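Examination of the molecular architecture
Here are the chains, one letter per residue:
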Amino acid sequence: MAGILITMEGPDGSGKTTQISLLAKVLTSEGREVVQTREPGGTPLADRIRVLVLDPAHDKMTARTEALLYMAARAQHTAELIRPAMERGAVVISDRYADSTLVYQGVARGLPLDSLIWLNRFATEELTPDLTLLLDGDTDCLAQRVTSRGNKDRLDNEDPEFHRKVREGFLLLAAQNPERFRVIDADRTVESIQLDIQRCVQEFLQKRGR
Ligand code: TYD
């Protein structure tokens, strides 16, 4: 495909959204078409699934139900938004994607990874990100950021052990896929994190001859 899919991953509160907006501005100023999106969400149907899956009222939701809802949202997001944008040649930047399910529902909730890998392939029709930026930081600091943010969703209410597993899960995935992942130290100022991100992305685009 002509376009590029960049995903931003990391624990809750790692500052992904801010960093994506800054990166999108820079890439747009270079004359590229940039599509900024997020998971769960990105289309009207996927946004409705987002509301369902993150609603703290659904405290009886099983891990399997949760995984399938994220997958359903991802299938729609990929088919309706991501693939068409990539076919046009856009740079798509998604705040979370398939790796989040492997880490949150797989490593942290304990669902079998092989099933989740299969379901991700099914949902995305085998689409894999070209580049994944992992914002990695101390989970206790990140948890504080989430608390100070006020309106917590269902997963923000998980205990510190859950968030530690999430961090470890992401680092494990990064170690297993070094060609796709770049680990960025998120315990720094917004500006220095952004500089690192821009360096990784420019290096990647150059390698791709873009
Ligand atoms: P997000 O909006 O990125 O929240 P935050 O800004 O707090 O990082 O993601 C919502 C939550 O959904 C987040 O706690 C991670 C979780 N999540 C999963 O558990 N599995 C998934 O596949 C995805 C995409 C998100």
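Residue indices begin from 1 for each chain and proceed along its sequence in written order. Local features are withheld for residues below a pLDDT of 70 in this predicted model, meaning they are given only at 70 or higher, and side-chain atom pairs are given and counted only at 80 or more; totals for whole chains, interfaces and linings count all residues. As a convention, hydrogens and water are excluded, and side-chain values are obtained from all of the structure's heavy atoms.

By the criteria applied, helices consist of DSSP H or I runs no shorter than four residues and strands consist of E runs no shorter than two, each listed in order from the N terminus. Looking at the element boundaries, R88 is found in the loop between α3 (63-87) and β3 (91-95). Type-normalised accessible area, obtained with a 1.4 Å probe on protein chains alone, sets the label of each residue: buried when under 20%, exposed when over 50%, and partly exposed for intermediate values. Here R88 falls in the exposed class, since its relative accessible area comes to 53%. Sequence spacing of R88 and D196 is 108 residues, and the spatial spacing of their C-alpha atoms is 28 Å. The contact rule is simple, with two residues in contact once any of their heavy atoms fall within 4.5 Å. Leaving out residues up to four positions away in the same chain, R88 has contacts with E33 and V35.

Around the ligand, the surrounding shell holds 17 residues, and the nearest of these are D12, R50, R96, T101 and R149. Think of a polar contact as two N or O atoms within 3.5 Å of one another; within protein, one of them needs to be a possible hydrogen donor and the other a possible acceptor, and neighboring residues in sequence only count if both atoms come from side chains. One of the side-chain N or O atoms of Q105 is found 2.9 Å from a nitrogen atom in the ligand. The method behind every accessible area is Shrake-Rupley, applied with a 1.4 Å probe, and residues are considered shielded solely by the protein chains displayed. In the complex, the protein chains occlude 95% of the 540 Å² of accessible area that the ligand would expose alone. In this analysis a 1.4 Å probe is tested at points of a 1 Å grid over the protein atoms alone, and where it fits but cannot get out there is a cavity; an open set with protein on both sides within 12 Å along at least five of seven lines is a pocket; lining residues have an atom within 4 Å of a point. Cavity and pocket membership follows a simple rule, namely that a molecule belongs there if more than half of its atoms are within 2 Å of the grid points. Comparing atom positions with the cavity grids shows the ligand to sit within the largest pocket. Counting residues per element, the ones that place at least two in the shell around the ligand are α2 (44-54), α3 and α4 (98-108). Only Asp, Glu, Lys and Arg are considered charged, only Ala, Val, Leu, Ile, Met, Phe, Trp, Tyr, Cys and Pro nonpolar, and every remaining residue, Gly among them, polar. Of the residues assigned to the shell around the ligand, the class counts are five nonpolar, three polar and nine charged. We call a residue near a given molecule or strand whenever any one of its heavy atoms falls within 4 Å of it.

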